[in-house]
Amino acid sequence: MKRPPLPQPLSGASLYRLLTENRAYAFSVLCYLAGLLLGSFLYADSATACALFQRCLAVEYAAFPLLLISRLTVYLFAFLLTVLMGFCLFGFPFMSLVPLCLGAEAAMTMAYYYIEYGWRGFGYTLLAVAPEVAALATVLLYTAVNGAALSKSIYDGTLKKSDTASGLNLKGYLIKNLLYCFLVALLALVNTGVDCLLKQLIHF
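Residues numbered from 1 in each chain as written. Predicted model: local features only at pLDDT ≥ 70, side-chain atom pairs only at ≥ 80, totals over all residues. Heavy atoms only, no water.

**Q** With reference to specific residues and values, describe the packing of aromatic side chains.
**A** All told, the structure shown has eleven aromatic pairs when counted by the stated rule. Taking the centre distance of 6.4 Å and the plane angle of 85° together, the rings of Tyr-112 and Tyr-117 count as edge-to-face. By the ring-pair criterion, three or more aromatic residues cluster together here, those being Tyr-112, Tyr-113, Tyr-117 and Tyr-124. Just above the ring of Phe-92 sits the side chain of Lys-152; from NZ or CZ to the centre is 5.7 Å. (Phe/Tyr/Trp six-rings, centres within 6.5 Å; stacked < 30°, edge-to-face > 60°. Lys NZ or Arg CZ within 6 Å of the ring centre and 35° of its normal.)

In structure tokens, the structure reads:
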């Protein structure tokens, strides 16, 4: 029996082609990484930012229903704002702010728990914060990339740079975002449950 060919490692040209074909996603990931660096510097260098962030996280120690409502509100606000920017004429230049802000918030959250609680905070970050951030960032990055493409099409069609107005797939955009909205709500529920469970086990 003939053996299937082994997968070949990506060459420099293949990697470049992969990045150029998915440059919107690659740029979003770069913005997210920049946000991680920005959040780290903000938390380390600004006492005001630290105090404000600690106050915002005070609700994290509330009971499950209040914590779920708080998390669901934040998740849906970020999601709906991203979706609405997709319908804006000049929304696409600002889509990079979504991964940037996500990265900054993630870095400040991780820094807070590590600085305040040491190794317990580090363990909590690995078990709860990192998976939560990764899951939410994945959904919002896809939402932002789709929204930027729609906004750019509206921009081009309105200013008559290209005949793209007739090809706008608003139905597909809305269907995708309904699915993403369900995923965001599900993430809020799961993350709240995991969060409450881990905080009882770690004893913050």
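**Q** Which residues make up the packing of helix 5 (residues 97-158) against helix 6 (residues 170-202), and what values go with them?
**A** Contact geometry of helix 5 with helix 6 gives a least axis separation of 9 Å together with a crossing angle of 175°. The angle between the axes of helix 5 and helix 6 places the two elements in the roughly antiparallel class. Among the residues making up the contact of helix 5 with helix 6, the classes are represented as 17 nonpolar, five polar and five charged. (Axes fitted to C-alpha atoms, helices over the stretch in contact; angles between N-to-C directions. Helix = DSSP H or I, 4+ residues; strand = E, 2+ residues; numbered from the N terminus. Parallel < 35°, antiparallel > 145°, perpendicular 65-115°, else oblique. Nonpolar A, V, L, I, M, F, W, Y, C, P; charged D, E, K, R; others polar.)

**Q** Quick rundown of helix 4 (residues 64-86)? Include the residues and the values.
**A** Taking 1.5 Å per residue as the helical rise, helix 4 with its 23 residues ought to reach 33 Å, and the 33 Å between its terminal C-alpha atoms agrees with that figure. Within helix 4, burial applies to Leu-67, Arg-71, Tyr-75, Phe-79, Thr-82, Val-83, Met-85 and Gly-86. Buried residues in helix 4 make contact with helix 5 and helix 6. (Expected span 1.5 Å × (residues − 1). Buried < 20%, exposed > 50% of the residue type's maximum accessible area, 1.4 Å probe, protein only. Contact = heavy atoms within 4.5 Å.)

The quantities given are spatial measurements derived from coordinates; they are silent on function.
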